[in-house]
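Secondary and tertiary structure notes
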Amino acid sequence: MHKSSWSIWLGVIALCFLLFPALVSAQSVSGELVGTVYDATGATVPGASVVATHVTTGVQTTTSSSSTGGYRLGNLPVGAYDLKVTAKGFSVAEMKNVQVTLNVESTANVTLQIGESKTVVEVVGAASTIDTTTAQVQSTFDAKEMADLPTMSSGSGVLNLALYTSGVSSSGAIGIGYGPSVGGQRPRNNNFMVEGIDNNSKSVTGPMATIPGDAVAEFSILQNQFGAEFGHSSGGQFNQVLKGGTNQFHGAAYEYLNNGRDLNALDQQQIVAGQTSQPRYDSNRFGGDIGGPIKRNKLFFFFDYEYNPVGYTGTGGQIFAPTTDGYNTLASIPGINQTNLNILKTYLPAQTTAVDPASIGGFPVICPGVQLGVPPANGVCPKGVTSYTIPVGQYSFAAPGFTNNYNYLVSVDYNLSDKDSLRGRYVRNNSATQDTAAELPTFWVPLTVPNYLATLTEFHNFSPTLTNELRLGFNRNSAVYNVGSQKFPGLDQFPNLQIFDLGGVQIGADPNAPQGGIQNLYQITDNVSWVKGRHTLTFGGDFKKYISPQYFTQRARGDYEYSFLSDYLQDYIPDYLGERTTGNFIYYGDQIMFGAYANDSIKLRPNLTVNLGLRYERTTLPYAERLQTVNSISNDPGLIMFNEPKPQNYNFEPRVGLAYSPGESGKTSIRAGFGINYDVLFDNLGLLSTPPQFNQTVDVGGNTGGGFLAGGGIPPSASAGTLDAADARASTGGYIPDQKLP
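Please read these numbers as outputs of a predicted model, since none were measured by experiment.

Ranked by size, the top nonpolar core spans 44 residues in total, and within it Leu-330, Leu-344, Leu-348, Ile-507, Tyr-568 and Leu-569 carry the most contacts. Listing elements by their share of this core, those giving two or more residues are β20 (316–322), α5 (324–332), α6 (338–347), β23 (392–398), β28 (496–499), β29 (505–507), β33 (559–562) and α7 (565–569). Here the element with the most residues in this core is α6; it accounts for four residues. What Leu-344 contacts, discounting residues up to four positions off in sequence, is Pro-322, Tyr-327, Leu-330, Ile-499, Leu-502, Ile-507, Leu-565, Tyr-568 and Leu-569. Ranked by size, the runner-up nonpolar core spans 24 residues in total, among them Val-158, Ile-197, Ala-215 and Phe-219.

Structure, rendered in structure tokens:
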């Protein structure tokens, strides 16, 4: 890295250390309540006491109005609050059920009447508050809305609710990725969070941990013009906040049923096509939750467990296998390799009835002592050689179609004092299904994908005008595709076998297995909010460390493909394809992501706010991508050089916003804004661009000779030889340029 680049990065880090006590993009898990205190003449009232009491937990948060009459209550858990405002010479004003919404600066202006402090002026059922102080465009759904809207009960769960908002549509033909398209962008530009913790897959993007809809307190999507505290992506910012306990014990049991086969009617097109019923799709999502106080007004818990079995129509399969007579004939032919024959008999059971040979282009023919797939035979048994025709029958089966999802989570909230509170969350998912990528049922294996997410947040109020939020997070995903315990005598692993004159049947495990990946995320975030006169200053940052080993080696077990059953049974070298990739390189996507921001929200007038912010982000290159130099032999000066890619260091993201609310009601907000954002580069781009020196493909296909499998096939120690410059260039499948974040 150039010295100047290091100087810029270190300078930004040093600035962040000066601005806030814990270096750690900030994503809120709470909301804020802001407003202005007026008297009956419309003048502002400084020094008024403002107390917000959470309706269900009784926890109180206190502040005072500034010299301009404005007040701000930050880091408030979402929900309904009773607001009480007092000032000397005025009656007490109370507002009931003021809603604080996730990631929103809700506005609640208060007008005090002259009178004694013993007199209370109460406003019952306060109107829903809106954000009148930021340019941020977002939509938020509370627990009742999520329960009432049916799209939450299936598929992507609460994330489906984003489709109800303006500027958001299904991905359609807009681009690849997971989730909806926000503002016309690719779904891969979305950022998914749970309680502000990164919940994105590094390998292909999209969310990892799943949250049961009935455990979500609020779900928000920020469409555009979000503040400097939000980074990672330029698309939608999706955030879910989990439910917590209250001062009352509450429990619930629920079930959502989607039975597409029995409950969905056929449309006219299906009826005309002769369809009599819908294909099977059963999704039962049932569970329960309980929450309440451990210590009233202090310590609360919430627990949710959900089981979601999903059943669907499995894919049908059919292959061709020798009949009983066919196997008897094979046993009598001289020169047949008995190991290969036994493998065939084990995994392709004998059929009782032969099919019409014309329907499959003719039965397989065994030609003793002749390698049919290569010259001079070229698929024709020479004259004078006794050939044997092997009748085959059809073998049909159906793959299972199911996924069983197990989800549970625990929430704990602890109000330590008026100045400190703790918020803990733990989420566990387990998805169980069966890997049916192998053609034969014998080779299908269980597939389990677990997810874990944990977060601990501490809120501290240094004073009514200075608050801090410190958050620690951990996220883990593991997806490992294994192979079964089947053995092929004489080989180190059971290979992928394919025989084309048996209908192209594949004998062996999932052709792409073994493969897998594990992603561990360690995250620390800190946000500071300081109200000073007309200014609300926020500083913060985010530090993420990823440890992410992934592996996928094409043809790791050996791919041996035969045009003719005869060549396989006589153990000749496969004619169509005989390849194995050695090396089993592990791609380490380990990297560090760092972001820091500063924002000033300036209240030029009680109803006019200007937001000025600047964000800086730096993402290191994944470790494995920095190893590109091992392919330096492929360099072509003036055209392409396989150097170590350099990270992008100048990722400054300015944010400018304007919010205007006509009058004093706070019921209307006019917004305008500008911002620059950067997206991420997902790991699959690098995983598919590894240097050829890490994995070499040994190819024996089309060669003449026998005893291939009996001699060990292509052993894992086989080498394709030392790569010279020409071979290395021919084997290079990708190039990683200097980092350029989109």
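Here we come to the sheet that holds β28. Pairing in this open sheet of five strands is mixed, and the strands run β29-β28-β33-β34-β40 from one edge to the other. Single-partner strands in this sheet number two, and they are β29 and β40 (696–699). Direction aside, the axes of adjacent strands within the sheet are offset by 15° on average. Relative to β33, β28 is paired through four bridges, and the arrangement is parallel. By the bridge assignment, Gln-498 is partnered in β33 with Glu-561.

What follows concerns the state of the cysteines. Enumeration over the complete set of coordinates arrives at one disulfide. Across the disulfide, Cys-367 is cross-linked to Cys-381 (sulfur-sulfur distance 2.0 Å). Disulfide Cys-367-Cys-381: the torsion about the S-S bond is 80°, which places it as right-handed. You can see Cys-367 sitting in the loop between β21 (365–366) and β22 (388–389) and its partner Cys-381 sitting in the loop between β21 and β22, a full 14 residues away along the chain. Residue classification places Cys-367 among the buried positions, given a relative accessible area of 0%.

Structurally, the position occupied by Phe-652 is in strand β38 (residues 652–660). When the C-alpha atoms of Phe-652 and Thr-63 are compared, they prove to be 34 Å apart, with 589 residues separating the residues in sequence.

Attention now goes to the pairing of strand β18 (residues 281–295). Examined bridge by bridge, strand β17 (residues 250–259) and β18 share ten bridges and lie antiparallel to one another. Each bridged residue has a counterpart across the sheet, and for Ala-252 the counterpart in β18 is Asp-289. Note that β18 and strand β19 (residues 299–312) share twelve bridges and pair antiparallel. Of the residues in β19, the one forming a bridge with Gly-288 is Tyr-305.

Our focus in this paragraph is unusual backbone geometry. Phi is mostly negative for residues that are not glycine, and the peptide bonds are mostly trans. With an omega of 10°, the peptide bond between Pro-375 and Pro-376 qualifies as cis. Position of Pro-376 among the secondary structure elements: in the loop between β21 and β22. A cis amide bond links Ala-513 to the next residue, Pro-514, at an omega of 0°. One can find Pro-514 in the loop between β29 and β30 (515–532).

Cut-offs and rules
Residues numbered from 1 in each chain as written. Predicted model: local features only at pLDDT ≥ 70, side-chain atom pairs only at ≥ 80, totals over all residues. Heavy atoms only, no water. Core = buried A, V, L, I, M, F, W, Y, C linked by side-chain atoms within 4.5 Å. Buried < 20%, exposed > 50% of the residue type's maximum accessible area, 1.4 Å probe, protein only. Helix = DSSP H or I, 4+ residues; strand = E, 2+ residues; numbered from the N terminus. Contact = heavy atoms within 4.5 Å. Pairing = 2+ DSSP bridges. Axes fitted to C-alpha atoms, helices over the stretch in contact; angles between N-to-C directions. Disulfide = S-S within 2.5 Å.

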